[in-house]
Amino acid sequence: FQHTEPFDADEYIERLAWRTPGGGSKGGAEAFDPKRLLEEFENHIEELKHLDEKIQRRVEKLEHQCHREAKEFAHKVQDLQRSNQVAFQHFQELDEHISYVATKVCHLGDQLEGVNTPRQRAVEAQRLMTYFNEFLDGELRSDVFNNPEKIKEAADIIQKLHLIAQELPFDRFADVKAKIASKYHDLERQLIQEFTAAQRRGEIGRMQEVAAVLLHFKGYAHCVDVYIKQCQEGAYMRSDVFEDTALLCQRVNKQVGEVFQSPETVMAKLIQNIFENKLQAHVKEKLDETRRSDVEQYLKNLYDLYTRTTALASKLTEFNLGSDKHTFLSKLIKNIFSTYLESYIEMEKDYLRTRSAMILQRYYDSKNHQKRPQGGGSIQELKERIRQRTNLPLGPSIDTHGETFLSQEVVVNLLQETRHAFERCNRLSDPSDLPKNAFSIFLLLVEHLCMDHIDYALEIGLSAIPSADAKNANLYFLDVVQQANTIFHLFDKQFNDHLMPLISSSPKLTECLHKKKEVIEQMEVKLDTGIDRTLNCMVGQMKHILATEQKKTDFRPEDENNVMIQCTAACSKVCVYVSRQVERVRKSMDGKNVDTVLTELGVRFHRLIHEHLQQYSYSSMGGMLAICDVAEYRKSAKDFRVPLVLQLFDTLHALCNLLVVAPDNLKQVCSGEQLTNLDRNLLHAFVQLRVDYRQARLGRHFS
């Protein structure tokens, strides 16, 4: 009945019925016989019952056997536990016994050591006395002093004898003390020679042995000095002393740990030797040759050498140089550069002052311009104050032939020199002096860029502005404004990028910002004055065009029926001139300044046209021509892109309608949207310009 597949009762019955003759469900050779099938089933059931009983007996037997073996196993486990407990007790007893024996052994060892140490000392003392006797006799017979291979042992002995000899009275043992000292120095010299030879051969093991022996000699420091000197031989073959130093220290750092017992001391001494000799000599040579002859190159060399030295020191911090290596390296750098750094800022300022003056002078020479003195005496200052407050041109204007006396190239050169100065100042100044030094450099920039160049150009530009009644005046001041604006943006960028980081956390920040504000305000006063006078010139030019081009007959034509309805020639010329000036203002200004200046120009332009129109009397057709002119002026006003100016010309256009409207409609027009808020006297004044004012008794409309 063993089967690998799961038991299926239906299938089992089906197979049993199929094997029984006459039991097949579909019939076969024999017909289906239910009785025979039933009999077969009953027999088979009996067989299954017997099989079940047999299996049950076998299961009971196995269960009984399992219970019996479990009891036997439990007894065995109990016996093993008891045995384990006994063994553990024996182990504890053995452990206690071992501890007791160990204590006895240690005690015995202490006793033996207590006996052996004095014995060893006595043996050592006897041995030293034997060697001392040889020095006393004046004859060194022992092999240890005569065999070069035993130099290490001889060194140990002579070092101890040297210490003993120092304790002996000089009067009785002067001779033996001298002999021991002589042998001491002789062995010391031999050891140093041996160390030097081993270093040349590259025998690290031998160097380590000799260094360990010399450690107890006075000449150990000399051994280190010899090592430092030899390891530098051939190390500086290239022109870059800083790179050579870094490579040398990297190579030696690996070696000193294997040779010396305190490698950090040797490494620090090597670096100190390099800084005080190689680097100091290199720096002195580079700086002293240019200090008097070429200050620019001197400052560049000082910056470069100091930067490379600090970078080298930063690399050297990765080595073990003792507890406070940063302070140690800082002192070495200070010792090299202190004399140069003390005078640095004065040399920087002198160079910057001289260089800036030369850049400016070279520019003015290229323009064949002799620079005018600024503020030369009280009369000059008085003139300047009067001119700024009253806007009066004092003295004849200067013809600059279109030259602004501002150069972007000069500005870039000045800013570049100052940027280099700020960089050097940041690197070479003591942290406590950095804000003060940076501020002094900034003042030089203000002096040469803002005062000597921009402010001077503004002064020349102001002097070159012609009077308001000048004819065909060339207005170059707007070009000055444009260039000054560009230059000041560059100045402001350098202020923020290079000066602010140096002073941002110091009290000098307030002083710098105040100085910058003062300079800006001083220039803005001159720019405002110049722009105001330029606008006056523009208006004066428009007035000149109108005075020369506008005729009285323009608005009172002789033949009213044969007139072209178009703007007058004077109007056309003024509009062309205005458009050109508006474009110039846009190119010269930026931001809100454009709208501010164009608003002022537009208001003055409107005032001029308004006053100009009131100088004429108008026929009906002349009024139409005046409206055409104002419409053209209004088109020009649109170019300003300022709402106020356009509104003023809209109102003026509406006023001109009073010149042509029928007398009966005057009151209605005056009540219109654009005129209702105007002063009645202004409306009346415009109506009075009509030729038919008295004939039509138009004044009654304003009574």
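Residues numbered from 1 in each chain as written. Predicted model: local features only at pLDDT ≥ 70, side-chain atom pairs only at ≥ 80, totals over all residues. Heavy atoms only, no water.

Regarding the overall build of the chain
Threshold: Only DSSP runs of H or I covering at least 4 residues are called helices, and only runs of E covering at least 2 are called strands; the numbering of each starts at the N terminus. Throughout, exposure labels follow a simple rule: accessible area from a 1.4 Å probe, protein chains only, divided by the maximum for the residue type, with under 20% read as buried, over 50% as exposed, and the rest as partly exposed. Whether two residues are in contact is decided by their heavy atoms, any of which lying within 4.5 Å being enough. Each accessible area is a Shrake-Rupley estimate made with a 1.4 Å probe; only the visible protein chains count as cover when residues are assessed.
Broken down by element type, the chain carries 23 helices and zero strands. Taken across its 703 residues, the chain has 38% of its residues classed as buried. Taking contacts inside the chain between residues at least 6 apart in sequence as the whole, the part at least 24 apart equals 75%. When the accessible area of the chain is evaluated, it comes to approximately 41,900 Å², of which 51% is carbon and sulfur surface.

Section: the UniProt feature "coiled-coil region" (unreviewed entry) in the chain
Heads up, the condition is: UniProt positions are given in the numbering used here, feature names are shortened, and annotations may be inferred rather than shown by experiment.
Look at the UniProt record and you will see "coiled-coil region" (unreviewed entry) annotated at residues 38-65. The distance from the first to the last C-alpha atom of residues 38-65 is 41 Å, and the span holds 100% helix and 0% strand.

Considerations on the packing of aromatic side chains
Applicable threshold: Here a pair means two rings of Phe, Tyr or Trp (six-membered ring of Trp) with centres within 6.5 Å. Their orientation is stacked below 30 degrees between planes, edge-to-face above 60, and tilted elsewhere. Charge over a ring is defined by NZ of Lys or CZ of Arg lying within 6 Å of the ring centre and within 35 degrees of the ring normal.
Within the structure shown, the criterion is met by 15 aromatic pairs. Measuring from centroid to centroid gives 5.1 Å for Tyr-306 and Phe-337, while their planes differ by 80 degrees, and the two rings are edge-to-face. Here Phe-337 lies in helix α11 (residues 325-342) and Tyr-306 lies in helix α10 (residues 295-316), a separation of 31 residues in the sequence. Each member of the pair, Tyr-306 as well as Phe-337, is classed as buried. Relative to Tyr-618, the ring of Phe-555 lies with its centre 4.9 Å away and its plane at 55 degrees, an arrangement referred to as tilted. Taken together, the residues Phe-555 in the loop between α17 (508-549) and α18 (569-588) and Tyr-618 in the loop between α19 (592-613) and α20 (620-640) connect sequence positions 63 residues apart. There is no split in this pair, since Phe-555 and Tyr-618 are both buried. Three or more aromatic residues link up through ring pairs in this structure, and these residues are Phe-439, Phe-442, Phe-488, Phe-491 and Phe-495. Positioned above the aromatic ring of Tyr-456, the side-chain terminus of Lys-371 is 4.9 Å from the ring centre.

Examining unusual backbone geometry
Its identity as a non-glycine residue notwithstanding, Asn-368 has a phi of 55 degrees, on the positive side. By the element assignment, Asn-368 lies in the loop between α12 (344-366) and α13 (378-390). If you check the backbone angles, Arg-641 has positive phi at about 55 degrees while not being a glycine. By secondary structure assignment, the location of Arg-641 is in the loop between α20 and α21 (643-656).

As for empty space enclosed by the protein
To be explicit about the condition: Computed over the protein atoms alone on a 1 Å grid, cavities are sets of points where a 1.4 Å probe fits but cannot get out and pockets are open sets with protein on both sides within 12 Å along at least five of seven lines; a residue lines them when it has an atom within 4 Å of a point. Grid points are joined across faces, edges and corners, and a volume is the space filled by probe spheres set on the points.
For the structure on display, the rule yields one cavity of 30 Å³ or more. Taken as a whole, the largest cavity spans an internal volume of roughly 90 Å³. As for the largest cavity, its lining consists of 15 residues, of which Gly-461, Ala-464, Ile-465, Tyr-476 and Phe-477 are closest to the centre. No other element matches helix α15 (residues 434-464), which puts four residues into the lining of the largest cavity.

Here we look at the packing of α18 against α20
Stated formally: Inter-axis angles, ranging from 0 to 180 degrees, are taken between N-to-C directions of lines fitted to C-alpha atoms, where helices are fitted over the stretch in contact. The labels follow the angle: roughly parallel below 35 degrees, roughly antiparallel above 145, roughly perpendicular from 65 to 115, and oblique for the rest. Each residue is assigned to one of three groups, with Ala, Val, Leu, Ile, Met, Phe, Trp, Tyr, Cys and Pro labelled nonpolar, Asp, Glu, Lys and Arg labelled charged, and all others, Gly among them, labelled polar.
The N-to-C vectors of α18 and α20 enclose an angle of 5 degrees; their axes lie 10 Å apart at closest approach. Our classification of the angle between α18 and α20 gives roughly parallel. In this structure, α18 contributes Cys-571, Val-574, Cys-575, Val-578, Ser-579, Val-582 and Arg-586 to the contact, and α20 contributes Asp-629, Glu-632, Tyr-633, Ser-636, Asp-639 and Phe-640. Taken together, the residues that form the contact of α18 with α20 break down as seven nonpolar, two polar and four charged.

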